[in-house]
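Residue-level structure breakdown
Residue-level listing of the chains:
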Amino acid sequence: QVQLVESGGGLVQAGGSLRLSCAASISIFNINGMGWYRQAPGKQRELVAVISRGGSTKYADSVKGRFTISRVNAKNTVYLQMNSLKPEDTAVYYCTAGSSWSSPLDYWGQGTQVTVSS
């Protein structure tokens, strides 16, 4: 069982930045995929970014060039650096982990709210 705890969400103006962190309860060294998903009000959850154990990454088209996912295995932590935030980035952001690096959906955190004001 893996417990994931997100932090770093909040309220920011459009154009601003936030860095989300996700701390895992166990070593993530052998976890193949770590990711971030988000859910906006009235919308389905969607992939934001994922990263493999080897460092390969995949991003949603809507965040390419603005968001960066990274993982520090020694700290059992995954980060999502979000720059040039837009109001449409407003959502609850969830950290995930799993055996599939491209869609790691086995474990979910509780979520952290990100609100971008215009």
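Please read these numbers as outputs of a predicted model, since none were measured by experiment. (Residues numbered from 1 in each chain as written. Predicted model: local features only at pLDDT ≥ 70, side-chain atom pairs only at ≥ 80, totals over all residues. Heavy atoms only, no water.)

It is worth spelling out the environment of Ser-17 at this point. Turning to its location among the elements, Ser-17 is positioned in the loop between β2 (10-13) and β3 (18-24). Between the alpha carbons of Ser-17 and Glu-46 there is a distance of 20 Å; along the sequence they are 29 residues apart. For Ser-17, the contacting residues outside a window of four places in its chain are Val-12, Gln-81, Met-82, Asn-83, Ser-84 and Leu-85. Of the polar contacts made by the side chain of Ser-17, one reaches the side chain of Asn-83; its length is 2.9 Å. (Helix = DSSP H or I, 4+ residues; strand = E, 2+ residues; numbered from the N terminus. Contact = heavy atoms within 4.5 Å. Polar contact = N/O pair within 3.5 Å; in protein donor to acceptor, adjacent residues only side chain to side chain.)

Our focus in this paragraph is the nonpolar core. Within the largest apolar cluster, 30 residues are counted, with the highest numbers of intra-cluster contacts made by Met-34, Trp-36, Leu-80, Met-82 and Tyr-93. Of all elements in the fold, only β3, β4 (33-39), β5 (46-52), β7 (67-72), β8 (77-82), β9 (91-98) and β11 (112-117) reach the threshold of two or more residues within this core. (Core = buried A, V, L, I, M, F, W, Y, C linked by side-chain atoms within 4.5 Å. Buried < 20%, exposed > 50% of the residue type's maximum accessible area, 1.4 Å probe, protein only.)

Right, let's talk about the pattern of salt bridges for a bit. Under the defined criterion, the tally for this structure stands at four salt bridges. A salt bridge links Arg-38 to Glu-46; the nearest nitrogen and oxygen atoms lie 2.7 Å apart. When its relative accessible area of 5% is taken as the criterion, Arg-38 is described as buried. Between Lys-64 and Asp-61 there is a salt bridge; the shortest N-O distance is 3.1 Å. On the basis of relative accessible area, Asp-61 is assigned to the exposed category, the value being 64%. (Salt bridge = Lys/Arg side-chain N within 4 Å of Asp/Glu carboxyl O.)

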